[in-house]
Structures are given as C-alpha cells and as structure tokens.
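# Observations on the three-dimensional arrangement
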Amino acid sequence: MAGVVATNETILVVGGGISGMTAALEAAECGKNVVLVEKNPSIGGRVSQLYKYFPKLCHPTCGMEINLRRIKANKRLRVMTLAEVEKIDGKAGDYSVSIRLKPRYVNENCTACGACGEAVSAEIDNPFNYKLNRMKAAYLPFTMAYPQRYVLDPSIIGTAEAEKAKGACKYSAIDLDAKEEVITLKVGAIVWATGWRPYDAAKIQPYGYDRYANVITSVEFERMMDPFGPTGGKLLRPSDGKEAKDVAFIQCAGSRDRNHLKHCSRICCMASLKQSTYVNEQFGDQAKSTIYYIDIRAIDRFEDFYQKVLANPTVKFVKSKVANITDDKANGDVILHGVDTEGYHRYDNRHDLCVLAIGMEPNVDARSIPGGVHADASGFIEADPANGAIFGAGCATNALDVNRAVQSATAASLRAIQVINKVSRAEV
Ligand SMILES: Cc1cc2nc3c(=O)[nH]c(=O)nc-3n(C[C@H](O)[C@H](O)[C@H](O)COP(=O)(O)OP(=O)(O)OC[C@H]3O[C@@H](n4cnc5c(N)ncnc54)[C@H](O)[C@@H]3O)c2cc1C
Ligand code: SF4
Ligand code: SF4
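We now turn to the structure provided with this report. (Residues numbered from 1 in each chain as written. Chains lettered and ligands numbered in written order. Predicted model: local features only at pLDDT ≥ 70, side-chain atom pairs only at ≥ 80, totals over all residues. Heavy atoms only, no water.)

Looking now at the overall build of the protein chain. The secondary structure content of the protein chain amounts to 8 helices and 22 strands. The C-alpha radius of gyration computed for the protein chain amounts to 23 Å, which stays within 12% of the reference 22 Å derived for 428 residues, consistent with globular compactness. If you line up the protein chain on its principal axes, its C-alpha atoms span 70 × 55 × 35 Å. Evaluated residue by residue, the protein chain yields a buried proportion of 53% over its 428 residues. Distance from the positive charge centre (53 side chains) to the negative charge centre (49 side chains) of the protein chain: 2 Å. (Helix = DSSP H or I, 4+ residues; strand = E, 2+ residues; numbered from the N terminus. Rg over C-alpha atoms; globule rule 2.2 N^0.38 Å. Buried < 20%, exposed > 50% of the residue type's maximum accessible area, 1.4 Å probe, protein only. Lys, Arg positive; Asp, Glu negative; His and termini not counted. Charge placed at Lys NZ, Arg CZ, Asp CG, Glu CD.)

Next up, the structure:
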C-alpha cells in the first residue's frame, strides 16, 4: 500500500457503502484522483446486505454490479479496504491524513478459488449475516464482494489453521507475515460517508431481544430472506426452525424515544411495509403480517407503496406502541402486549416471529471524526462552513433511503470537486 500516491488535488472518500461509492465515482468520472477507504474487507456497505430494495422491490445486486463495473474501469479511483482514518491534520485544500491498514493475509494473486476455506476447520461468527450463522475463518465476505479476494481472520494467525490455509493455496496468495501499517496521504478534500448502524436492540429491554430467540431485528430479517443468508432464504424462526407465517413488525423500535434515539429513523416504516411483502412471497395467502405503529411515515413517492400494502388483506395495521413482549415457553410463540389506541382495547397477540423495525444511528459519531466537524444531537454530520473541506455524505448525515443517500453523496462530491478546482488554480 505504500505505493499509493496522493496530492492535495486528490479527494479522499471515507466509507465504501453506496454513498461513498457514488461520491468516489462521480469525482473520478469528472477526472479527479480519488482514494476510497473502507474499514471492512470489501466495499458495498449495508445495501449489499439487503434482500430487496423498496419501492421497486428489485435486488440490490443489480445497482451494485453497475457501480463495481464503473469502479473497476476507472484508473483514477483507488480502493483501500481494511482501512480506517486515524488522524486528519491541515486545512481545506491541504490535508494530511493518517490511515491504519489492517492485514488481510491474502494478496492480489488470490483467484477466490476457495481452497483455503475448505482446508481450515476453525469458524467465526459471520458479520455479513449479523452473526446469525458461523463461517470458516478463511472466507470471502459475500458472493459479490469487491475485491474478490479471500480474507484470513486474525484469530487463526499463528495457529496450525493458518498453515493449513497457506498449504492449500496453489497461487502463493497467502502471506502470513503481513503486518498492520499506517500510511499518510495528502489530500485536498474529504467526503465522509461512514453510514449508519442498527441501534442495539438489547437496550430496548421490554422487547426481550436478548432473551427471546424469536424476536429479531429488521436487518436480520433481510438476511433471512437472502438465498445466500443463514437460512438459505427461508423464513424460519430461530428457536425451532418452524416456518414463520405469522409475523409481527414493531415500528419505532429504539427511534422517537427519549430513552433511546430521539430522531425518527425515516426508513423503518418503509422497511416493514416492504418486509410484509416478503412474508407473502414465501407463504402467499397463508401469510399474516401485523404492523404495530405510532404513525406510518411514507413520504412522497413511497405513498403509492404504502397504499398497496394497506390494500393487502393479509396485512393488518394496529395503531399502538407495543408495551412489552413475553414468550410462550411451551412452543416459542411471542406474545405482544399493549393497547390499541384506535378504540383503546387491550391486546395480548400471539405471533410466530417478531421483527423490530430497528432505528438507525450514525456508524461513526460525527463528534469523534478526527479533524472536527459539526454534529447534530444524534451524532450525524451537519453541514457547516467551519467543517472546511470535510463534507458529509449519505447516512453519515442522516437516516436516509438509498435514493436520498445517493443524492447527498453527489452533492458532497460536487463540493469536494469545487475545492480541488480551486487548489489547481492556486486559489486555496
Ligand atoms: C431494515 C432496513 C431496510 C432497508 N431497506 C431499504 C430499501 O429497501 N431501500 C432503500 O432505499 N433503503 C433501504 N434502507 C436504507 C439503506 O440501508 C441506506 O440508505 C444505505 O445503507 C445508505 O448507504 P450509506 O453508504 O450512506 O451507508 P452504509 O451502507 O452504512 O455504508 C457505510 C460504509 O462505510 C464503512 N465505514 C463505517 N465506518 C468506517 C470507518 N471508520 N472508516 C472506513 N469505513 C467505514 C462501512 O463499513 C460501510 O461500508 C434500509 C435500511 C434498513 C435499516
Ligand atoms: S487465498 Fe489462495 S486458496 Fe484462498 S481463495 Fe485465494 S487463491 Fe484460493
Ligand atoms: S420511519 Fe416509521 S418506524 Fe421509523 S422511526 Fe420514523 S415513524 Fe418510527
């Protein structure tokens, strides 16, 4: 990695999700040199973990494939994975950025043949599937991962398992002596696109996510539907593998709550409306979805999607903030307790599975970004002239759907390009 050349006419993009990929591509396709750093072993971010996109219900792989093709074709764009920014010094047009690179232990000779994965027996939790299953400690992060290169988990380095992986590789692709390194890059502008993470569901104690196997989060539900996911694309409840035909969705799980996230996470109403269609996809008319909500927030063009789900006789809406959940120890059913605010009826409703429409919080709290940027009360980046040439993009700035994240990334890229143009005209 020491060979990366960057000058103050280079744009650094931090975070390789859909927003970071968009910002990097827009700038590189305008002729700017771009370095994209991603902390995971591959780019793609959380969109690559979704089963389908609302509102069109297409698979995210299509959009991802187009972006990857553009990235591979662009010589001005350099991608660094397992990379995190440690320090930012300097000012707009002249930053010096320290980046810590973790070893992958697999070099560019890798053909992704998979022989090392077959050779090792050690397993680790699979982060791509939100730890719902385990995988070999020599792995490809996911089918479409870019770079298409295996990774050795650090936990096996120095053990016989690592030697087994190395012994199985016919392409001299495994380097067990690889070491962590810190490099410094000169750049003129920075786009910060580190995205979001799901709120920790275990903190919402009355819902028992940490106690009941059949209470899961919306992000886990996405992985369960994926043919490459932990259940091979079948909606099976975790406690006993029974088909989950009767699914409850709890809205605002962790959002709009002074004890958790104060903000509305904006997309979780749409995510549950979308996920109710997954239940129909599996079980047709036998499916039963119940959405427990305070308000449904489906803005502008999403209203049509909401109306379609409202008209679906297998989907029921209950206007209520669920008070708490208990489980039936005899058969694993979850029982939701609360009061229906349309009529004020108490309910104790039994379901196969409960999905928490979990809130979104910033992956990196903007208050901790090296170099200093303005943040709102939730830790999202706020645009401010005092941020210099550090521009927030996508879900680092707010809870956004993909369309809005991409618009925000394009805007951030344009601002970064403007700074670089000034640098090249010696106006900064
Ligand atoms: C349950 C659920 C379903 C959803 N379904 C849809 C849908 O159907 N349609 C839709 O439009 N939207 C949907 N969304 C929203 C969608 O996931 C976001 O709009 C999208 O992920 C935003 O992309 P992003 O690049 O801003 O962030 P992310 O996808 O979070 O990407 C951020 C990237 O930055 C990397 N990163 C983080 N920290 C660092 C660091 N310190 N250094 C370097 N890299 C870092 C991460 O590893 C990641 O690759 C859904 C959200 C949820 C919760
Ligand atoms: S590291 Fe070697 S054995 Fe493993 S996938 Fe790559 S080429 Fe195959
Ligand atoms: S989008 Fe819907 S579920 Fe999510 S926080 Fe806002 S109102 Fe609640």
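Contacts to ligand 3 come from Gln 251, Cys 252, Ser 255, Arg 256, Cys 264, Ser 265, Arg 266, Ile 267, Cys 268, Cys 269, Asp 295 and Arg 297. Here the residues of the shell around ligand 3 sort into 5 nonpolar, 3 polar and 4 charged. (Near = heavy atom within 4 Å. Nonpolar A, V, L, I, M, F, W, Y, C, P; charged D, E, K, R; others polar.)

So, on to the site of ligand 2. Within the structure, ligand 2 sits among 13 residues, and Cys 110, Cys 113, Gly 114, Cys 116 and Cys 169 are positioned closest to it. The residue makeup of the shell around ligand 2, split by class, is 11 nonpolar, 2 polar and no charged.

Adjacent strands of a sheet pair through backbone hydrogen bonds, lying either parallel or antiparallel. Ordered by their spatial adjacency, 5 strands build an open sheet running β13-β20-β14-β15-β16, and the pairing between neighbours is parallel. Each edge of the open sheet carries a strand with a single partner, namely β13 (215–217) and β16 (315–319). Taking the axes of each pair of neighbouring strands and ignoring which way they run, one obtains an average angle of 25° across the sheet. Two strands pair when backbone bridges link them, and β13 and strand β20 (residues 353–358) are joined in this way by 3 bridges, in the parallel orientation. By the bridge assignment for β20, Thr 217 is matched with Leu 356. (Pairing = 2+ DSSP bridges. Axes fitted to C-alpha atoms, helices over the stretch in contact; angles between N-to-C directions.)

With that settled, the discussion passes to the side chain of Arg 237. Here Arg 237 is to be found in the loop between α5 (218–225) and β14 (246–253). At 3.2 Å, the side chain of Arg 237 and the backbone oxygen of Asp 352 are in polar contact. Residues in contact with Arg 237, not counting those within four places in the same chain, are Asn 214, Lys 242, Ala 244, Asn 331, Gly 332, Asp 333, Asp 352 and Leu 353. (Polar contact = N/O pair within 3.5 Å; in protein donor to acceptor, adjacent residues only side chain to side chain. Contact = heavy atoms within 4.5 Å.)

Glancing now at the packing of α5 against helix α6 (residues 268–283). Two elements in contact, α5 and α6, have axes separated by 11 Å at closest approach and are oriented at 30°. The angle between α5 and α6 falls in the class roughly parallel. Seen along the crossing, α5 lies across α6 with a hand that is left-handed. Counting all contacts with α5, which are made through Ser 218, Phe 221, Glu 222 and Met 225, the residues of α6 involved are Lys 274, Gln 275, Tyr 278, Val 279, Glu 281 and Gln 282. (Parallel < 35°, antiparallel > 145°, perpendicular 65-115°, else oblique. Left-handed = near helix turned anticlockwise from the far one by under 90°.)

Another point: the environment of Ala 323. Structurally, the position occupied by Ala 323 is in the loop between β16 and β17 (324–327). Look at Ala 323 and you get partly exposed, because its relative accessible area is 46%.

Looking at where Val 373 falls in the secondary structure, it is placed in the loop between β21 (360–362) and β22 (390–392). Ignoring anything within four residues of it in the chain, the contact list for Val 373 reads Ala 366, Ile 381, Asn 387 and Ile 390.

This part covers α6. Here α6 spans 23 Å end to end across 16 residues, near enough to the 22 Å set by a 1.5 Å rise per residue. Of all 16 residues making up α6, 12 are buried, and the element is well covered by its neighbours. Listed as buried for α6 are Cys 268, Cys 269, Met 270, Ala 271, Ser 272, Leu 273, Lys 274, Gln 275, Ser 276, Tyr 278, Val 279 and Phe 283. Considering only its buried residues, α6 is in contact with α5, β14, β15 (288–293), α7 (303–310), β16 and β20. Directly beyond the C-terminal end of α6, a positive phi value near 55° is found at Gly 284. (Expected span 1.5 Å × (residues − 1).)

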